[in-house]
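Overview (structure and organization)
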Amino acid sequence: MRFSAIFLAFFVSVLNADEIADARKRWAESPHGPLLERILPPTFEAAQLPESDSPGARLVIGYCVQCHNLPNPAMHNAAKWPPVVERMVLRMEGRGNLGGVMTEMMAGVKAPSAEENATLVAYLRKHAQRPINPRNYPDVNARTGEAFRLACSQCHVLPDPKRHNAAEWRSVVARMQENMEWMNRVVGSKPLPGEPQLRVEEILAFLEKHARR
């Protein structure tokens, strides 16, 4: 039984690598490749997907990486994922807000069936970001929660600190730093004088205070 599980995990990882390699090849050959690659930061790996061998995870890899780097299900809260997926499927079908350019960009891209779409949305909603309840963490609106509140709300709903333990939060925050550098800075540019900087230790202090034990 254990051998079968190990073999399955290895087989899935090979398939995942093939899907991602195919996407990178398509970007390299497309005049729109640099734009597609920059949509999402490359800091989240297939092995980090929750339930990584599940049908939902395989669909995320099979469809989402056709156009951009792998999304983390915790990018959005559960309510936001259905309209996001709906918009992405329209683009996979060559429709969307760029007219003929969108059709050209999506050449060779597959769109999910209705059944696959339902599985994909259910998976993303299941593992979506769980928003913080301010009533449980009144200090989120105090000075000690300011760095966390201002930094994290730029990209998504504020996460519930109980989502991770203290050690996990350090890894998550490090990855978020990389994401923000990827999304907010032109490649090769440097911080401007006076540009606000993340107060990472203050963010970690808040999260670790309330982290899962």
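Residues numbered from 1 in each chain as written. Predicted model: local features only at pLDDT ≥ 70, side-chain atom pairs only at ≥ 80, totals over all residues. Heavy atoms only, no water.

Re the packing of aromatic side chains
The geometry of an aromatic ring pair is captured by the separation of the ring centres together with the interplanar angle, meaning the angle of the planes. In total, this model carries 1 aromatic pair according to the counting rule given. Between the aromatic rings of Phe148 and Phe206, the centroid separation amounts to 4.8 Å while the plane-to-plane angle is 20°, which identifies the pairing as stacked. You can see Phe148 sitting in helix α7 (residues 146–152) and its partner Phe206 sitting in helix α9 (residues 200–210), a full 58 residues away along the chain. For the pair shown, Phe148 and Phe206 are each scored as buried. (Phe/Tyr/Trp six-rings, centres within 6.5 Å; stacked < 30°, edge-to-face > 60°. Helix = DSSP H or I, 4+ residues; strand = E, 2+ residues; numbered from the N terminus. Buried < 20%, exposed > 50% of the residue type's maximum accessible area, 1.4 Å probe, protein only.)

Here we look at the environment of Arg149
With respect to the secondary-structure elements, Arg149 resides in helix α7. Residue classification places Arg149 among the partly exposed positions, given a relative accessible area of 22%. Through-space distance from the C-alpha of Arg149 to that of Pro159 is 9.6 Å; in sequence the pair is 10 residues apart. Apart from the residues within four sequence positions on either side, Arg149 is in contact with Val140, Asn141, Ala142 and Leu158. (Contact = heavy atoms within 4.5 Å.)

Considering helix α6 (residues 114–126)
The first and last C-alpha atoms of α6 sit 18 Å apart over 13 residues, in line with the 18 Å expected at 1.5 Å per residue. On the buried face of α6, the contacting elements are α3 (55–64) and α4 (81–92). (Expected span 1.5 Å × (residues − 1).)

What to know about the pattern of salt bridges
Taken as a whole and assessed by the stated rule, the structure comprises 11 salt bridges. Taking the shortest distance from any N to any O, the salt bridge between Asp139 and Lys209 comes out at 3.2 Å. Here Lys209 lies in helix α9 and Asp139 lies in the loop between α6 and α7, a separation of 70 residues in the sequence. Owing to a relative accessible area of 13%, Asp139 belongs among the buried residues under this scheme. The partner of Glu168 in a salt bridge is Arg212, and the shortest N-O contact between them spans 3.1 Å. Of this pair, Glu168 sits in helix α8 (residues 166–184) while Arg212 sits in the segment after α9; the two residues are 44 residues apart in sequence, bridging distant segments of the chain. Residue Arg212 is classed as partly exposed on the basis of its relative accessible area of 35%. (Salt bridge = Lys/Arg side-chain N within 4 Å of Asp/Glu carboxyl O.)

A few points about the side chain of Arg175
With respect to the helices and strands, the residue Arg175 is situated in helix α8. Despite being buried, Arg175 has no salt bridge partner; Glu178 is the closest side chain of opposite charge, sitting 7.6 Å away. Leaving out residues up to four positions away in the same chain, Arg175 has contacts with Thr43, Phe44, Gln48 and Asn72. (Lys, Arg positive; Asp, Glu negative; His and termini not counted.)

Brief notes about the state of the cysteines
Applying the stated criterion across every chain, the model contains 0 disulfides. Here Cys152 stays free of any disulfide, with the sulfur of Cys155 as its closest cysteine sulfur at 8.5 Å. On the basis of relative accessibility, which here comes to 16%, the residue Cys152 falls in the buried class. Since its relative accessible area comes to 48%, Cys155 is described here as partly exposed. (Disulfide = S-S within 2.5 Å.)

Overview of unusual backbone geometry
Here Glu51, not a glycine, exhibits a phi torsion of approximately 50°, which is positive. Considering the arrangement of structural elements, one finds Glu51 in the loop between α2 (33–37) and α3.

By themselves, these are just geometric observations and shouldn't be taken as functional.
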